[in-house]
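Structural characterization, general
Letter by letter, the chains look like this.
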Amino acid sequence: MVADLSELEDFAATAAANIARFEVRFVLSPELMSKDPFCIESLEWDHIPYGHDQLEKVPDDSRGVYAFCICQESQVLPCHRYVMYVGIAGHDSDRSIRARYRDYLNAKKLMKRSARVRRLFGEWHSMLHFYFAPVGNEVSSEQLKKIEKELNGALLPPMSKADLEADIKQQRDAFQ
């Protein structure tokens with residue numbers, strides 16, 4: 001005779017619905033995060049909450065680097081930011097950070113992205129912030145691509161999988 005496990009099944013289903021679906025694996029390597037030097041000296045970051053409301057604050061005349069971070073402002077929680085994705089705008093083009101950001105505001109375009117990116121916006125859109133750092137014309141397309149790889153290599157954001165230096169990508173892939 002098999003015991004009645006319906007209560008355990010209910011618990012497992014509730015846990016999966018409430019907790020497990022939000023699980024994300026982070027790698028926080030002190031060695032990678034403290035990499036120095038980067039290919040450019042500094043970046044000046046700004047950010048807006050994800051959405052159309054503050055679109056005018058995103059530069060429409062600059063290329064640059066961007067990141068999507070999960071953060072929830074609170075009077076109780078300590079300051080926290082989870083860098084989920086890092087990308088660039090204007091590699092091999094003059095496409096602005098704002099034009100690139102607009103792609104992420106378009107549900108049809110998001111549906112064509114990787115499953116990781118679709119999950120990021122599907123699960124956490126209400127807590128996402130768009131961070132951006134414009135770069136000037138003195139930064140070449142090659143440098144822009146390199147800083148994207150360096151930032152992705154330093155932070156290993158869980159939703160960024162492609163833009164890594166080959167050795168770091170191989171090492172990370174060994175554990176996934």
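The structure this text deals with has already been given above.
Now for a quick tour of the structure.

The rules behind these values
Residues numbered from 1 in each chain as written. Predicted model: local features only at pLDDT ≥ 70, side-chain atom pairs only at ≥ 80, totals over all residues. Heavy atoms only, no water. Core = buried A, V, L, I, M, F, W, Y, C linked by side-chain atoms within 4.5 Å. Buried < 20%, exposed > 50% of the residue type's maximum accessible area, 1.4 Å probe, protein only. Helix = DSSP H or I, 4+ residues; strand = E, 2+ residues; numbered from the N terminus. Contact = heavy atoms within 4.5 Å. Polar contact = N/O pair within 3.5 Å; in protein donor to acceptor, adjacent residues only side chain to side chain.

Core analysis: the biggest nonpolar cluster contains 23 residues, and Phe68, Tyr85, Tyr101, Tyr104, Leu120, Phe121 and Phe130 have the highest contact counts within it. Every element with two or more residues in this core is listed here: strand S2 (63-70), strand S3 (82-89), helix H3 (97-104), helix H5 (115-124) and strand S4 (128-135). It is H5 that provides the largest number of residues to this core, a total of 4 residues. Every residue in contact with Tyr85, bar those within four places of it in the chain, is listed here: Tyr66, Ala67, Phe68, Tyr104, Arg113, Val117, Leu120, Pro157, Met159 and Ser160. Core analysis: the second largest hydrophobic core is formed by 12 residues, Ile40, Ala67, Val135 and Leu151 among them.

What follows concerns the side chain of Arg100. Positionally, Arg100 belongs in helix H3. Separated by 2.7 Å, the side chains of Arg100 and Asp103 make a polar contact. Those residues within four positions of Arg100 in sequence are excluded, and the remaining contacts are Tyr66, Ile88, Ala89, Arg95 and Arg113.

Our next topic: the side chain of Ser141. Inspection of the secondary structure puts Ser141 in helix H6 (residues 141-155). What makes Ser141 buried here is its relative accessible area of 17%. Side-chain polar atoms of Ser141 contact the backbone nitrogen of Asp92, separated by 3.1 Å.

Spacing of three or four residues puts side chains on the same side of an α-helix, whose turn is 3.6 residues. Taken across its 8 residues, H3 has 7 buried, putting it largely inside the fold. Residues Ile97, Arg98, Ala99, Arg100, Tyr101, Asp103 and Tyr104 constitute the buried set of H3. Turning to H3, the residues buried within the fold contact strand S1 (46-49), S2, S3, helix H4 (107-111), H5 and S4.

On their own, these measurements won't tell you what the molecule is for.
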